[in-house]
Amino acid sequence: MAGSTRSATNRAAAAATRFSAKLRGVSDASIAWIFIAPTILLLLAINIFPLLWTIYLSFTNFRANQPGRPVRWIGTRNYERLLGSEDIWGYLQATAHFVIWTMILQIALGFGLALLINRNFRGASFWTTIILIPMMLSPAVVGTFWTYIYQPQTGIFSYIIDFFAGTGALDMIGSVTLAPWSIIIVDTWMWTPYIMLLCLAGLRSIPDYLYEAAEIDRANALQKFWYITLPRVLPFLMLAVLFRGIENFKMFDLVVELTSGGPGSTTELASINLKREAFEKWRTGYSSAFAIILFVTIFGLGNIYVKVLNKVKS
Amino acid sequence: MKRKKSAAARLFRRGPWENLATAVIAAGVFMLMQPFSLWAFGWSFSVILVGTVGFVIVSHFPK
């Protein structure tokens, strides 16, 4: 028994030696390619090929629910229809309203919270953990429990607003004017901690001697904030704005759970309409063109994001 | 001894061209989402595409 185990070990060792001898004849570049090849193949299969296929489909009248129907090349007609449609324009404006307001609120609250937490008061780490909890939850879960919070008759949100402002039962999700704000409030609640974290990183990177020098120069609190704190935190803020801006431009899950794009199409963001066109109306070619428009926009914003990131790094 | 840079090398520097491409992308994104003009919305994708392709090209220029 022991003999057979020993011979198996010897055989494995001999095989390893033969393999390493073979590898010795292979160049470093080839070894690198051997290691990289699976990743490249995977990327080609799940990223590049679908992208190229979507670009092709965007120039056709293909419908995924009618695979037997002949596919006709219609040139840029899908793009012309999309970019001339007032409905699509409206969905993109709804997206802009959502992105701009979430950014404003999240930056104001996130920066404010970061300034507070940076004071290192007693229990600061405990409160940091509490504040970070919403960010760690799944958007589907957040969307579902906020629908309960927003219930006009039984929800706590309506109760609190009524208690302080005497508004009566507030139907946040069912009202045309309030529904856009309902999704902004939830996204702000969920993602303000992220902005706070980034701002906190910026605040912690400011050396104390700058403030000490400012004290010697008799700078007041506002001057210290304007000439030291803000310029030092600004690159981190820019990074947060771009990152959250891109994420909110693609926002889907949270809004679907909360309002499903309603009432009517008041909160129908671009990505929600894209899903409707692709998988409810089955206009695959048309929705592919819409997806390419959104992709190029996000890719463009991504370029700016990388540029800012490099600036922050340097 | 310093070698004089050619006119092309001076013209095609990454920094200013990247800034220009970034401005074009930002203008395109604004045109896509603004509530004022359907005409601007119609041209927004072309502007973003030009800016994005331009950015990819100019990011290969020497520093």
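The rules behind these values
- Residue numbers run consecutively from 1 along every chain, following the written order of its sequence.
- Each chain is given a letter, starting from A, and each ligand a number, starting from 1, according to the order in which they appear as written.
- The model is predicted, so local features are restricted to residues of pLDDT at least 70 and side-chain atom pairs to those at 80 or more, both for listing and for counting; the totals for chains, interfaces and linings are taken over all residues.
- For the side-chain quantities, the full set of heavy atoms in the structure was used; hydrogens and water were omitted.
- Patches draw on residues past 30% relative accessible area with no salt bridge. Two like charges within 9 Å are joined, as are two nonpolar side chains (Val, Leu, Ile, Met, Phe, Trp, Tyr) within 5 Å.
- In this description, accessible areas are obtained by the Shrake-Rupley approach with a 1.4 Å probe, and a residue is regarded as covered only by the protein chains that are shown.
- A carboxyl oxygen of Asp or Glu within 4 Å of a side-chain nitrogen of Lys or Arg is what we treat as a salt bridge.
- Residues scored as charged are limited to Lys and Arg (positive) and Asp and Glu (negative), so that His and the chain ends carry no count.
- Charged side chains are reduced to one point each, which is NZ for Lys, CZ for Arg, CG for Asp and CD for Glu.
- Put simply, DSSP marks the helices as runs of H or I at least four residues long and the strands as runs of E at least two long, and each gets a number from the N terminus on.
- Throughout, exposure labels follow a simple rule: accessible area from a 1.4 Å probe, protein chains only, divided by the maximum for the residue type, with under 20% read as buried, over 50% as exposed, and the rest as partly exposed.
- Any residue with an atom within 4 Å of a point lines the site, the site being either a cavity, points on a 1 Å grid over the protein atoms alone where a 1.4 Å probe fits but cannot get out, or a pocket, an open set with protein on both sides within 12 Å along at least 5 of 7 lines.
- Grid points are joined across faces, edges and corners, and a volume is the space filled by probe spheres set on the points.
- Each residue is assigned to one of three groups, with Ala, Val, Leu, Ile, Met, Phe, Trp, Tyr, Cys and Pro labelled nonpolar, Asp, Glu, Lys and Arg labelled charged, and all others, Gly among them, labelled polar.
- Here a residue-residue contact requires only that any non-hydrogen atoms of the pair lie within 4.5 Å.
- The term buried area refers to how much accessible surface (probe radius 1.4 Å) is lost by two components on association, counted for both of them together.
- Between the first and last residue of a helix there are one fewer steps than residues, each counted as 1.5 Å, and that sum is the expected span.
- By definition, a residue's bend is the angle between the axes fitted to the seven residues ending there and the seven starting there.
- Each residue carries a pLDDT score, the predictor's own confidence in it, on a scale running from 0 to 100.
- Axis lines are fitted through C-alpha atoms, for helices just across the contact stretch, and the angle between N-to-C directions can take any value from 0 to 180 degrees.
- Roughly parallel means an angle under 35 degrees; roughly antiparallel means over 145; roughly perpendicular covers 65 to 115; every other angle is labelled oblique.
- With the far helix as reference, a near helix turned anticlockwise by less than a right angle produces a left-handed crossing, and one turned clockwise produces a right-handed crossing.

**What about a positive patch on the surface?**
All names here are of chain A. There is a patch of like positive charges on the surface, built from R69, R72, R77 and R81. Inspection of the secondary structure puts R81 in helix α3 (residues 77–83). Judged by its relative accessible area of 42%, R81 is partly exposed.

**Remarks on unusual backbone geometry**
Residue and element names in this part refer to chain A. Of note, the bond from G262 into P263 is cis; its omega dihedral lies within 30 degrees of zero at -5°. Along the chain, the position of P263 falls in the loop between α11 (253–258) and α12 (270–279). Here the phi dihedral of R218 falls at roughly 60°; this positive angle occurs in a residue that is not glycine. Checked against the element boundaries, R218 lands in the loop between α9 (208–216) and α10 (221–249). The backbone phi angle of S260 is positive, close to 55°, even though this residue is not glycine. In this structure, S260 sits in the loop between α11 and α12.

**Describing the pattern of salt bridges**
All names here are of chain A. Overall, the coordinates contain 9 salt bridges over all chains when judged by the stated rule. For K224, the salt bridge goes to E215, with nearest N and O atoms at 2.7 Å. Look at K224 and you get buried, because its relative accessible area is 16%. Exposure remark for E215: the relative accessible area of 52% places this residue in the exposed category. E277 is the salt-bridge partner of K281, the closest N and O atoms lying 3.3 Å from each other. A relative accessible area of 47% places K281 in the partly exposed class. On the basis of relative accessible area, E277 is assigned to the buried category, the value being 4%.

**As for the layout of surface pockets**
Approximately 550 Å³ is the volume attributed to the largest pocket. Around the largest pocket sit 20 residues that line it, and A:V99, A:I100, A:L301, B:V29 and B:M33 are the ones nearest its centre. Those elements that provide at least two residues to the lining of the largest pocket are α4 (86–117), α10 and α13 (284–313) of chain A together with α2 (14–33) of chain B. It is α10(A) that provides the largest number of residues to the lining of the largest pocket, a total of 6 residues. A per-class count over the lining of the largest pocket returns 17 nonpolar, 3 polar and no charged. Here the second largest pocket defines a volume of roughly 310 Å³. Lining the second largest pocket are A:L115, A:N118, A:R119, A:N120, A:L203, A:R204, A:I206, A:D208, A:Y211, A:F225 and A:T229. Mapped onto the lining of the second largest pocket, the elements with two or more residues apiece are α8 (179–204), α9 and α10 of chain A.

**Overview of a nonpolar patch on the surface**
A surface patch of nonpolar side chains, amounting to about 900 Å² of accessible area, comprises A:W33, A:F35, A:I36, A:I40, A:L41, A:L44, A:I48, A:L52 and A:I55. In this fold, A:I40 is placed in helix α2 (residues 28–57).

**Some remarks on the interface of chain A and chain B**
Taken residue by residue, the interface counts 23 residues in chain A and 21 residues in chain B. Carbon and sulfur atoms supply 79% of the area buried between chain A and chain B, which totals about 1,900 Å² over both sides. Taken as a group, A:L83, A:W89 and A:K307 account for 35% of the area that chain A buries against chain B, more than any other trio of residues on that side. Taken together, chain A and chain B are joined by 1 salt bridge. Listed by contribution, the elements that provide at least two residues to the side of chain A that touches chain B are α3, α4 and α13 of chain A. Examining the composition of the side of chain A that touches chain B, we find that 10 residues originate from one element, α13(A), more than from any other. Residue composition of the side of chain A that touches chain B, by class: 14 nonpolar, 7 polar and 2 charged.

**Points about α2(A)**
Here α2(A) contains 30 residues, and its C-alpha end-to-end distance of 41 Å stays within 8% of the 44 Å for a straight helix at 1.5 Å per residue. The largest bend along α2(A) reaches roughly 40° and is located at A:L44.

**Concerning the confidence of the model for chain A**
The predicted model of chain A averages 89 in pLDDT, with 96% of residues at 70 or higher. Averaged pLDDT values over the elements of chain A bottom out at 70 in helix α1 (residues 2–24) of chain A and peak at 95 in α3(A).

**Concerning the packing of helix α6 (residues 139–149) of chain A against α8(A)**
All names here are of chain A. At a minimum axis separation of 11 Å, α6 and α8 run at an interaxial angle of 130°. Classified by the angle between their axes, α6 and α8 sit oblique to one another. Two packed elements cross with a definite hand, and for α6 against α8 that hand is right-handed. Contacts between α6 and α8 involve P139, V142, F145 and W146 from the former and I185, V186, W189 and M190 from the latter. Here the residues of the contact of α6 with α8 are counted per class, giving 8 nonpolar, no polar and no charged.

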